[in-house]
Amino acid sequence: MYSRKVLLVLDDVDDIGQLEALAGEPTWFKRGSRIIITTRDEQVLKAHQVKFIHDVSMLSITRGSNLPLF
């Protein structure tokens, strides 16, 4: 995949082995590629030396309220 730009989304990663198997080295992907990783364990990201970590707070949805999709 080093010859193509990719958008890779890895959801609910909970083990460094998963991350290393799917997004091992920056050289695996062409410059300009983006990798989005969701996890509840920030240590997984730190162990993989992820450069940009954005902490998102949980949504608070009360009973009877709706979350608009569009």
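Everything discussed here concerns the structure shown above.
Residues numbered from 1 in each chain as written. Predicted model: local features only at pLDDT ≥ 70, side-chain atom pairs only at ≥ 80, totals over all residues. Heavy atoms only, no water.

Turning next to a nonpolar patch on the surface. On the surface, a nonpolar cluster with roughly 300 Å² of combined accessible area is contributed by Leu 7, Val 9 and Ile 36. For Val 9, the position within the fold is in strand β1 (residues 7–10). (Patch = residues over 30% accessible without salt bridge, like charges linked within 9 Å, V, L, I, M, F, W, Y side chains within 5 Å. Areas by Shrake-Rupley, 256 points an atom, 1.4 Å probe, with all protein chains shown as cover. Salt bridge = Lys/Arg side-chain N within 4 Å of Asp/Glu carboxyl O. Helix = DSSP H or I, 4+ residues; strand = E, 2+ residues; numbered from the N terminus.)

Strand residues, when the strand is regular, have side chains that alternate between the two faces of the sheet. Sheet topology places β1 next to strand β2 (residues 34–37); four bridges connect them, and they run parallel. Residue pairing in the sheet places Leu 7 in a bridge with Arg 34 of β2. Handedness of the crossover joining β1 and β2 through helix α1 (residues 16–23): right-handed. (Pairing = 2+ DSSP bridges. Right-handed = clockwise from strand over helix to strand, strands pointing away.)

Among the surface-exposed residues, Asp 11, Asp 12, Asp 14, Asp 15, Glu 20, Glu 25 and Asp 41 lie close enough to one another that they form a single negatively charged patch. Along the chain, the position of Asp 15 falls in the loop between β1 and α1. Residue classification places Asp 15 among the partly exposed residues on the basis of a relative accessible area of 41%. (Lys, Arg positive; Asp, Glu negative; His and termini not counted. Charge placed at Lys NZ, Arg CZ, Asp CG, Glu CD. Buried < 20%, exposed > 50% of the residue type's maximum accessible area, 1.4 Å probe, protein only.)

Throughout the structure, instances matching the rule amount to one aromatic pair. Judged by centre distance (6.5 Å) and plane angle (65°), the ring pair of Trp 28 and Phe 29 falls under edge-to-face. On the basis of relative accessibility, which here comes to 37%, the residue Trp 28 falls in the partly exposed class. On the basis of relative accessibility, which here comes to 14%, the residue Phe 29 falls in the buried class. (Phe/Tyr/Trp six-rings, centres within 6.5 Å; stacked < 30°, edge-to-face > 60°.)

With that out of the way, let us pick up the side chain of Ser 33. Within the secondary structure, Ser 33 sits in the loop between α1 and β2. In this structure the side chain of Ser 33 is engaged in a polar contact, spanning 2.8 Å, whose partner is the backbone oxygen of Lys 30. Residues in contact with Ser 33, not counting those within four places in the same chain, are Arg 4, Lys 5 and Val 6. (Polar contact = N/O pair within 3.5 Å; in protein donor to acceptor, adjacent residues only side chain to side chain. Contact = heavy atoms within 4.5 Å.)

Bringing the pattern of salt bridges into the picture now. Tallied over the full model, the rule gives one salt bridge. Linking Glu 42 and Lys 46 is a salt bridge whose minimum nitrogen-to-oxygen distance equals 3.5 Å. Residue Glu 42 and its partner Lys 46 are located together in helix α2 (residues 42–47), separated by four residues, close to a single helical turn. Taking relative accessible area as the criterion, Glu 42 reaches 37% and is therefore assigned partly exposed.

With that settled, consider unusual backbone geometry. Positive phi, close to 60°, is recorded for Asp 12, a residue that is not glycine. Mapped onto the fold, Asp 12 is located in the loop between β1 and α1. In this structure Asp 12 comes out as partly exposed when scored by relative accessible area, which is 45%. Its identity is not glycine, yet Gln 49 carries a phi of approximately 60°, on the positive side. By secondary structure assignment, the location of Gln 49 is in the segment after α2.

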